[in-house]
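# Coordinate analysis (summary)
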Amino acid sequence: MSLCSHEHHDTLHGVHDHLNVETRLSEAENLCATSGARLTPLRKEVLELILNATGPMGAYDLLAKMKGSAERPAAPPTVYRTLDFLLEKGFIHRLTSINAYIPCCHPREGHQAAFLICTECHTVKEASAKGLIQELDDLAASDHFKPHHSIIEISGICQQCSNKA
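Residues numbered from 1 in each chain as written. Predicted model: local features only at pLDDT ≥ 70, side-chain atom pairs only at ≥ 80, totals over all residues. Heavy atoms only, no water.

The protein has the name Fur family transcriptional regulator in an unreviewed UniProt entry, where Acinetobacter wuhouensis is given as its organism. Note on the protein: under the UniProt heading Sequence similarities (unreviewed entry), the record states "Belongs to the Fur family." (UniProt positions renumbered as here; feature names shortened; annotations may be inferred.)

The structure is reproduced here in structure tokens:
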């Protein structure tokens, strides 16, 4: 099941393009229910904040936004556990180079993505990294190395920011 209404699994696209937040939240609840997990109110709130953001959000950005909406503010460990759950379910991605989170259009097991991150406007674009991951796996296998996880992030200046300069 795709949380995006259009096909772009293998094309470069903005992670905040074509978002219908209510549909995404409803589909996330359905995916959780089918897998026997629960999208608790806190998990739903964090996912909604990430879906509504205009760019990547850090954990403390999320905490700051949540403090105004909760009767009892969430503690950092609670937010990190929530983010871990959303990552595990494939609803979000973590950008390690900037320690921030973005929505994933295509939550599915084994989904590997490559990210282009603009250092000026902080726009993030995502594309499937299937071929790149296979090359990295082949490289690791040539040395009998067993990778646990691969993250492909490319920082630079996007076309819009380049045109402004």
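And the narrative resumes.
### Considering the overall build of the protein
The number of helices and strands found in the protein is 6 helices and 6 strands. Looking at the 165 residues of the protein, the share that counts as buried comes to 39%. At a minimum sequence separation of 6, the contacts of the protein that also span at least 24 residues come to 55%. As displayed, the protein offers around 9800 Å² of accessible surface, 51% of which is attributable to carbon and sulfur atoms. (Helix = DSSP H or I, 4+ residues; strand = E, 2+ residues; numbered from the N terminus. Buried < 20%, exposed > 50% of the residue type's maximum accessible area, 1.4 Å probe, protein only. Contact = heavy atoms within 4.5 Å. Areas by Shrake-Rupley, 256 points an atom, 1.4 Å probe, with all protein chains shown as cover.)

### Notes on the pairing of strand β2 (residues 92-95)
Summarising the sheet, β2 and strand β3 (residues 100-103) pair through 4 bridges and their orientation is antiparallel. Looking across to β3, one finds that His93 is bridged to Ile102. Hairpin connection of β2 to β3: 4 residues between the antiparallel strands, including Asn99 at a positive phi of 45°. (Pairing = 2+ DSSP bridges.)

### What about unusual backbone geometry?
A positive phi angle is found at His122, which is not glycine, with a value near 65°. Unusually for a residue other than glycine, His144 sits at a positive phi of about 55°. Among the structural elements, His144 can be located in the loop between α5 (130-142) and β6 (152-156).

### As for the confidence of the model for the protein
Overall, the prediction assigns the protein a mean pLDDT of 84, with 82% of residues at 70 or greater. Long-range and interchain partners of residues 1-9, a stretch whose pLDDT sits below 50, account for 24 contacts in this model, where long-range means more than four residues apart. (pLDDT = per-residue confidence, 0-100.)

### Quick look at the nonpolar core
The biggest cluster of nonpolar side chains holds 24 residues, and the ones touching the most others in it are Leu47, Leu83, Leu86 and Ile92. Counting residues per element, the ones that place at least two in this core are α1 (21-35), α2 (41-52), α3 (59-67) and α4 (76-88). Those residues within four positions of Ile92 in sequence are excluded, and the remaining contacts are Leu47, Ile50, Leu83, Leu86, Leu87, Tyr101, Ile102, Pro103 and Cys104. With 6 residues, the next largest nonpolar core counts Leu95, Ile102, Ala113 and Val124 among its residues. (Core = buried A, V, L, I, M, F, W, Y, C linked by side-chain atoms within 4.5 Å.)

### Section: the packing of α2 against α4
In contact at an axis separation of 10 Å, α2 and α4 are set at 75° when each is read in the N-to-C sense. The angle between α2 and α4 places the two elements in the roughly perpendicular class. Between α2 and α4, the contacting residues are Leu42, Arg43, Val46, Leu47 and Ile50 on the first element and Thr78, Thr82, Leu83, Phe85 and Leu86 on the second. Of the residues belonging to the contact of α2 with α4, the class tally is 7 nonpolar, 2 polar and 1 charged. (Axes fitted to C-alpha atoms, helices over the stretch in contact; angles between N-to-C directions. Parallel < 35°, antiparallel > 145°, perpendicular 65-115°, else oblique. Nonpolar A, V, L, I, M, F, W, Y, C, P; charged D, E, K, R; others polar.)

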